[in-house]
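Structural overview for review
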Amino acid sequence: MSSIAERLDSIRSTLPAGVDLVAVSKFHPVVALQEAYAAGQRIFGESRVQELVEKIPNMPSDTRWHFIGHLQTNKLKQVIGRVALIESVDSLRLLEMIDELSEKRGVVSRVLIQLHVAREETKFGFYPEELLEWFENRGFENLKATHICGLMGMATNTDDTERISADFARIAGTYRKIKEIAPDLRGFDTLSMGMSDDYPLAVAQGSTLVRVGTAIFGQREY
Ligand SMILES: *Cc1c(COP(=O)(O)O)cnc(C)c1O
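As the structure is a computational prediction, the values presented were derived from the model and not from experiment. (Residues numbered from 1 in each chain as written. Predicted model: local features only at pLDDT ≥ 70, side-chain atom pairs only at ≥ 80, totals over all residues. Heavy atoms only, no water.)

A closer look at the pairing of strand β6 (residues 146-153)
- The element β6 is largely enclosed, with a buried count of seven among its eight residues.
- As paired strands, strand β5 (residues 109-115) and β6 are joined by seven bridges and run parallel to one another. Residue pairing for β6: V111 is matched across the bridge by I148.
- Sheet analysis places β6 next to strand β7 (residues 190-193), joined by four bridges and oriented parallel. Bridging from a neighbouring strand, G150 pairs with T190 of β7.
- With helix α6 (residues 161-181) bridging β6 and its parallel neighbour β7, the resulting β-α-β unit is right-handed. (Buried < 20%, exposed > 50% of the residue type's maximum accessible area, 1.4 Å probe, protein only. Helix = DSSP H or I, 4+ residues; strand = E, 2+ residues; numbered from the N terminus. Pairing = 2+ DSSP bridges. Right-handed = clockwise from strand over helix to strand, strands pointing away.)

Here it is, written out as structure tokens:
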């Protein structure tokens, strides 16, 4: 079997310039993350707060953590100020609480807004129409300590590649529309889509950030 370093290399070799790789390390032990770090990987994705805070002190300080799971508001205080990007802002209430706590702590939080387009995958995220309306109403102007850097989304869990591509196209279309609606929104430049099974399709639709776990670290043991 190939090593983590070899798998990282082969994935990276398929990514065009300008597309970054998040190594999704949830459920994998720190030794696996350290192996990836030694192979040059710096961005790691975690989806559970408890696991994230246990791993942080065991990795070098220039590790960039992305939070990619559903974030419960009662766990926010453990995350704010400790991650490079929260990719999974899935409600206005969460966004407002991130902003409030970030301001209180004197930090700026970088976030992506999670879109809901997949058929059944998750109940979390904004519907495209709802999000566009929020941008049209310039809701982002009320944020004091939160920087919206782009969107994150998942495709329907299916073997139907046309369906998957259509989901990614819808997310990418929403991303481009927001850029048109709010051209003054600086640094809105990240489109996070694509996982182990579908990242080439996501990249073809304009993804700038792919989140790959299994194809790097192997199967997760839950
Ligand atoms: C687990 C997870 C991934 C990685 O999935 P793989 O199929 O293992 O690549 C990507 N994005 C999110 C939001 C996840 O929860």
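More follows now that the structure is in view.
Observations concerning the site of the ligand
- Close contacts around the ligand come from V24, K26, I68, M154, M195, S196, R211, V212, G213, T214 and R220, and that covers them all.
- Take R211: an N or O atom from its side chain is 2.8 Å from a nitrogen atom of the ligand.
- The contact in question runs from an oxygen atom of the ligand to an N or O atom on the backbone of G213, over 2.8 Å.
- Here the ligand has 390 Å² of accessible area as a free molecule, and 89% of this is covered by the chains.
- A class-by-class count of the residues in the shell around the ligand yields five nonpolar, three polar and three charged. (Near = heavy atom within 4 Å. Polar contact = N/O pair within 3.5 Å; in protein donor to acceptor, adjacent residues only side chain to side chain. Areas by Shrake-Rupley, 256 points an atom, 1.4 Å probe, with all protein chains shown as cover. Nonpolar A, V, L, I, M, F, W, Y, C, P; charged D, E, K, R; others polar.)

Overview of the packing of aromatic side chains
- Counting across every chain of the model gives seven aromatic pairs.
- Between F44 and W65, the ring centres sit 6.1 Å apart and the planes meet at 45°, which makes this aromatic pair tilted. Linking F44 in strand β2 (residues 43-46) with W65 in strand β3 (residues 64-67), this pair joins segments that are 21 residues apart in sequence.
- Measuring from ring centre to ring centre gives 5.7 Å for F135 and F140, while their planes differ by 35°; the resulting arrangement is tilted. With respect to burial, F135 and F140 carry one shared label: buried.
- If you follow R42 out to its NZ or CZ, it ends over the ring of Y37, 3.5 Å from the centre.
- If you follow R48 out to its NZ or CZ, it ends over the ring of F27, 4.0 Å from the centre. (Phe/Tyr/Trp six-rings, centres within 6.5 Å; stacked < 30°, edge-to-face > 60°. Lys NZ or Arg CZ within 6 Å of the ring centre and 35° of its normal.)

Topic: the nonpolar core
- Counting residues in hydrophobic clusters, the biggest one holds 63 residues, and the most contacted among them are F44, I86, L131, F135, I148, L151 and I216.
- Counting residues per element, this core draws most heavily on α6, at six residues.
- If we skip the residues at most four places from it in the chain, F135 touches F140, I148, I178, I181, L185 and F188.
- Formed by nine residues, the second largest nonpolar core is a distinct cluster that contains I43, L112, C149 and L209. (Core = buried A, V, L, I, M, F, W, Y, C linked by side-chain atoms within 4.5 Å. Contact = heavy atoms within 4.5 Å.)

Quick look at the environment of L112
- Topologically, L112 is positioned in strand β5.
- For the pair L112 and V89, spaced 23 residues apart in sequence, the C-alpha to C-alpha distance is 6.2 Å.
- Residue contacts for L112: discarding those within four places in its chain leaves L85, I86, E87, S88, V89, C149, G150, L151, M152, T190, S192 and L209.

Describing the layout of surface pockets
- Considering only enclosed or pocket space, the second largest pocket measures out at about 250 Å³ in volume.
- The wall of the second largest pocket is formed by V108, F140, L143, K144, A145, T146, H147, I148, D184, L185 and R186.
- Class assignment for the residues of the lining of the second largest pocket results in six nonpolar, two polar and three charged. (1 Å grid on protein atoms, 1.4 Å probe; cavity = no way out; pocket = protein on both sides within 12 Å on 5 of 7 lines; lining within 4 Å. Points joined across faces, edges and corners; volume = space filled by probe spheres on them.)

Digging into the pattern of salt bridges
- Under the defined criterion, the tally for this structure stands at nine salt bridges.
- Across the pair K55 and E51 runs a salt bridge, and its minimum N-O distance is 2.7 Å. Residue K55 and its partner E51 are both found in helix α3 (residues 49-55); the two are separated by four residues, about one turn of the helix.
- Through salt bridges with shared partners, a single ionic network connects E46, R48, E51 and K55. (Salt bridge = Lys/Arg side-chain N within 4 Å of Asp/Glu carboxyl O.)

Shape is all these values report; function is a separate question.
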